[in-house]
Structures are given as C-alpha cells and as structure tokens.
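Okay, here's what each chain looks like letter by letter:
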Amino acid sequence: MPVLSVSRDILFVRSGTLGSAGKKTDRSGLRGFEVSLSYASTVPRQLVHRRSPADVLLTDYETVDGMHRAAVQLPTSHRMFVPVRRTHDSLMIAEALRQAVSLFCHVEHDVPLDHVVYIEHVRFDILDLLSVDNIDDSLVAESITTDRTFEDESLDNLKLSARLLNRGQVVASGTASVRPIGPDVYSKVRKPTMADPHFRYLPAGTEVVEPAGVGRLDPSDVVLARHTSDGTLVVAPDPRNLAMFDHSVEYLPGVTMLEAARQALRLATGCVGLDFTS
C-alpha cells in the first residue's frame, strides 16, 4: 500500500523544438518485456522540456499494442534530490513519470512542440523504494491513454494513466489530465514577473523558512516562505536554483510544487527526514 498519495493542480510542461534524434514505433506483434528498450542515450531533451541532457531521465520509447513504454534511467547523484541511504529520492520518480507524460503527448498524440502541455491534474503513488544498486537497465515507464476530447478537430484534453516498473514489478503509478495550449493563447496567461532568473520574489510580509526546519542546508533549496504575522506558508522558490530551474520559466514546475508539499509536511511534523515513502 502507498504511504502517501500526492495530487496537485496546474502543472506546466513547456515544449521546445525537436532535434534529429528520437523515434516513434508501433510494434503491435510484440508484447511486454519481450520488447527491448535501449538505455544507451537519452531521448531529445526538448521532448521532456529539459535544458540539460543530464536532466533527461528517459532513454528510449516505443508503442506496443497501444501501450506507450519508455526506458528510465535515474541518476545516482543529484544536486538537490540526492539518494538517501542509497535509495532514490521519490521526487526523481515523480519527475520520471512527468517526463513520460510529456514525451508521449508529443510523439504519440502529435501535440506540436510549440504548444504548452498544461497538466491540469496529476497524481502519483509511490509503492516501493528504489535502491540505486538494483535498477541497472531495468526501469520502464508505461502509459496508456484513457480518454481524449477534441474541439474544432484539435486535441483539447488527454487523460493518461502511467506506472513505473522495476524488473516487471510496479513501484509507482500515477494519472494525469493534460490540455495542450498553443503559443498565442499561452502568451496571454504568462506572468513575466516570475520569469526573472536573477530575483527571488517574496510576497510582502513573508520571509524564507529556515533550511533546518525542512531538512535542507542551502537556503536556495527552500521553496517555502512564511508570513510573519500569522505563519501562513506560501510557495516562493529561488529561480537561481538550477536544480529546479535549469532555464527561465514563468510558472512553478511540478517537481517544485511537490517539493513544497514535502517541505510543508516536514515543517508541520517536525520530522525533517520525512519523504513520500517514509
């Protein structure tokens, strides 16, 4: 049974321009683990909206009998989401599922790369811990589309179900509701103030939470601020933190919001080591 389920609204995944690499296949005659996925190199970073290839967690993809599958390679070290006791951080698992949703929206559902993949709702359940010693070339993200709606012959909404498997065993699962948004519409809802990569915006009357209270050492890793009057918490990350913002954005990335939820739980419980799989 999962220890904790996480749901959140309004997650943006920005898309870029696809490079020359990548593939789209439909091997209808093959099933499950009889199909080999490569872990030799990453998929094009633009498909998962990452600036640095080092942050791309997917290495290959295919479609088998309508099931979208992607090979996943989690890093054994990370600037912020470092493995603890040789166990992968749960937010790296969430990011892998997020990247899989973004990838399949583009390569399987033909969402243009100049569109925003607006994830209206996402949920994930961590079912088992992942040891850094036991996942060599064995992680696979699987996704199926459960519903599609169209408006004026254009894709309006997608609902997907995804899961992460290690050697055939499900270790995490999730669902997402996705709405593609074209550049003209998206430009109307952008908030340029949030796009300044050199400035940490703090609402009036708030101060950054002490790092020790949320299990962090560096103040730039703290994503919460607190109102000095009543203690109300707000999400106020530092855009200069390249582990969360590897490029300038005008929204709060999904993993940043999940980290905010985790830090809020740590602050409320006084357990600075609390994780979604604790």
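Computed from a predicted model, the values in this text were never measured in an experiment.

Cut-offs applied
Residues numbered from 1 in each chain as written. Predicted model: local features only at pLDDT ≥ 70, side-chain atom pairs only at ≥ 80, totals over all residues. Heavy atoms only, no water. Helix = DSSP H or I, 4+ residues; strand = E, 2+ residues; numbered from the N terminus. Phe/Tyr/Trp six-rings, centres within 6.5 Å; stacked < 30°, edge-to-face > 60°. Buried < 20%, exposed > 50% of the residue type's maximum accessible area, 1.4 Å probe, protein only. Axes fitted to C-alpha atoms, helices over the stretch in contact; angles between N-to-C directions. Parallel < 35°, antiparallel > 145°, perpendicular 65-115°, else oblique. Left-handed = near helix turned anticlockwise from the far one by under 90°. Contact = heavy atoms within 4.5 Å. Salt bridge = Lys/Arg side-chain N within 4 Å of Asp/Glu carboxyl O.

## Some words on unusual backbone geometry
Keep in mind that most residues, glycine aside, have a negative phi and that most peptide bonds are trans.
Here is step 1: Non-glycine residue D65 carries a positive phi angle of around 50°.
Here is step 2: Positionally, D65 belongs in the loop between β2 (58–64) and β3 (67–72).

## Structural notes on the packing of aromatic side chains
Here is step 1: Per the stated rule, a full pass over the model turns up 1 aromatic pair.
Here is step 2: Judged by centre distance (5.9 Å) and plane angle (85°), the ring pair of F124 and F276 falls under edge-to-face. Separated by 152 residues along the polypeptide, F124 in strand β4 (residues 116–126) and F276 in the segment after α3 (254–269) bring together distant segments of the chain.
Here is step 3: Relative accessible area serves as the criterion here: at 6%, F124 is assigned to the buried category.

## Here we look at the packing of helix α1 (residues 90–107) against α3
Two measures define how a pair of helices packs: the angle their axes make with one another and the distance between the axes.
Here is step 1: Interhelical geometry of α1 versus α3 gives an angle of 150° and a closest axis separation of 10 Å. Taken together, the axis directions place α1 and α3 in an arrangement best described as roughly antiparallel. Considering the relative orientation of α1 and α3, their crossing is right-handed. Of the residues in α3, those touching α1 at S90, L91, A94 and E95 are V255, L258, E259 and R262.

## Observations regarding the environment of V116
Here is step 1: Looking at the secondary structure, you find V116 in strand β4.
Here is step 2: Spatially, the C-alpha atoms of V116 and V178 are 9.9 Å apart, while their sequence positions differ by 62 residues.

## Some remarks on the environment of V48
Here is step 1: Mapped onto the elements of the fold, V48 is located in the loop between β1 (5–13) and β2.
Here is step 2: A relative accessible area of 0% means that V48 is categorised as buried.
Here is step 3: As for V48 and L103, which are separated by 55 residues in sequence, their C-alpha atoms are 5.6 Å apart.
Here is step 4: If sequence neighbours within four positions are ignored, V48 has contacts with V43, V56, L58, R98, Q99, S102 and L103.

## Section: the pattern of salt bridges
Here is step 1: Going through the model one piece at a time under the given rule, you end up with 17 salt bridges.
Here is step 2: Note that R79 and D221 form a salt bridge whose closest N and O atoms lie 2.9 Å from each other. Here D221 lies in the loop between β8 (206–208) and β9 (224–227) and R79 lies in the loop between β3 and α1, a separation of 142 residues in the sequence.
Here is step 3: On the basis of relative accessible area, R79 is assigned to the partly exposed category, the value being 46%.
Here is step 4: Via salt bridges that share partners, D89, R216, E259, R262 and D275 belong to a single interconnected network.

Honestly, it's all geometry; don't read function into it.
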